[in-house]
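# Residue-level structure breakdown
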Amino acid sequence: MKSMKLLLTLLFSAMFLAACNTKEDAAAPEKEPTATEEPEVDAELEAAKAKFEPLGVVAVPADNELTDEKVDLGQMLYFDERLSGNNKLSCASCHAPAAGYADGLQKFIGFEGFNGPRNSPSIINSAYYKENFWDGRAGSLEEQAVGPIQAEGEMNQNLGDLVTELSAIPGYVEEFNKVFNDKVTADNIAKAIASFERTIVVTDTAFDKYLAGDENAISADAKEGMKLFVGKASCISCHAGPLLSDHNYHNLGMDGDDGRFAVTNNENDKGKFRTPGLRGVAHTGPYMHDGSLATLEDVVNYYNVGGGVHPNKSELLQPLSLTDEEVKHLVAFLESLGGEVPEVEEPELPL
Ligand code: HEC
Ligand code: HEC
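Basis of the calculations
Residues numbered from 1 in each chain as written. Chains lettered and ligands numbered in written order. Predicted model: local features only at pLDDT ≥ 70, side-chain atom pairs only at ≥ 80, totals over all residues. Near = placed C-beta within 6 Å. Helix = DSSP H or I, 4+ residues; strand = E, 2+ residues; numbered from the N terminus. Nonpolar A, V, L, I, M, F, W, Y, C, P; charged D, E, K, R; others polar. Buried ≥ 20, exposed ≤ 12 C-beta atoms within 10 Å, placed from the backbone. Contact = placed C-beta atoms within 7 Å.

### Regarding the site of ligand 1
In the vicinity of ligand 1, 28 residues are found, and the nearest of them are Cys91, Cys94, Asn132, Trp134 and Pro148. The set of elements that each furnish at least two residues to the shell around ligand 1 consists of α4 (91-94), α5 (141-150) and α8 (186-197). Residue contributions to the shell around ligand 1 peak at 5 residues, all from α5. Residues that form the shell around ligand 1 fall into these classes: 16 nonpolar, 8 polar and 4 charged.

Here is the structure:
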């Protein structure tokens, strides 16, 4: 019986090998027939994946400890329209939770209908940047927070007046005392708002689950997109590191705004903007400092033709010759960087 079985096995193997040989490579007849059936390790995919890392926890400055009470106070201030000159605009007017902490508009509409020159960016993960704003003119969230309050086109509120106004609201006096053991000051307002913003993070995206080992967390299309991101499309030359931003400034060929130049006065910086991080990007269109690209597909198509025209355009931008299929894959990858956007309710405001 035993020898019969062996004979049959040999016979089958011989037939199998013969079939293989007639089909294709006669050069590898010694190959085990079962080898072709095993799932192959996609070396390109693994190499691409190794270029990414999780975002990690947000850094907190030594002089502004993050406490629950401070975050709660920051959340009240964030939603409070009394922070603006006409008591009609709050931070949430332009950075609304329901619109991915942005406003969904191409460019912002500010004080008394002022037509803003730039797109309201999302505040999701804004705590991870070394410098804030499209042109990086603020060195921290604390420094950033008092910007829009005073900007004529945004909330148009004198800081001194605001401190007086909030100091006349007993509920706020009590809150500031509880959190800071101090009065209402501009500094404390900024610290509380910045603390709230440090809790608006998107770190656990489908892509992060994939990085952590869940092979099925993202689609096959997104995996192809990840390969393109580090390879043919070389997005990673700027969107690199844990935040998928190099914290640097580049010109993508968009005209009409001097960008970083306003901060440095250096001709080479004309039209340069900070590389945005990409986690949560699926939730925050329209895109770019001028909101000129409505969808992620528009963004990828813009890169595919090598960007726009500007004397300072980065040499890193070249036509990519991506096929329609590849554009689709890159978009799927960007979408896999979406995640649960923190939900916060409009709090009850102090009286
Ligand atoms: C009228 C609309 C408007 C209001 C109100 C507003 N912002 Fe903004 N915000 C913007 C725009 C537009 C930008 C980008 C401006 C730029 O880069 O030049 C911005 C940028 C930011 C950034 C920088 C994000 C980054 O990627 O670096 C943060 C953080 C921010 N705002 C928080 C706030 C806070 C906090 C308040 C309330 C105190 C506030 N904003 C009020 C429109 C607004
Ligand atoms: C030369 C550096 C560079 C390269 C290469 C690059 N980007 Fe960007 N990216 C930027 C900068 C800078 C901005 C912001 C530009 C602006 O607002 O004018 C940006 C903006 C974006 C945005 C919009 C984000 C937002 O919040 O509005 C997306 C999405 C994006 N890039 C994806 C990609 C993809 C996908 C690739 C590869 C095909 C890529 N980038 C290649 C530097 C780069």
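Picking up after the structure, the text goes on.
### Structural notes on the site of ligand 2
Taken together, 28 residues are adjacent to ligand 2, and Cys235, Cys238, Tyr287, His289 and Tyr303 come closest. When residues of the shell around ligand 2 are traced back to their parent elements, those giving at least two are α12 (296-304) and α13 (324-336). With 4 residues, the single largest contributor to the shell around ligand 2 is α12. Its residues assigned to classes, the shell around ligand 2 comprises 20 nonpolar, 8 polar and no charged.

### Digging into helix α10 (residues 220-230)
Counted residue by residue, α10 has 9 buried out of 11 residues, so it is predominantly covered. Taken together, the buried positions of α10 are occupied by Ala222, Lys223, Glu224, Gly225, Met226, Lys227, Leu228, Phe229 and Val230. Check the buried side of α10 and you find it contacts α2 (43-49) and α13.

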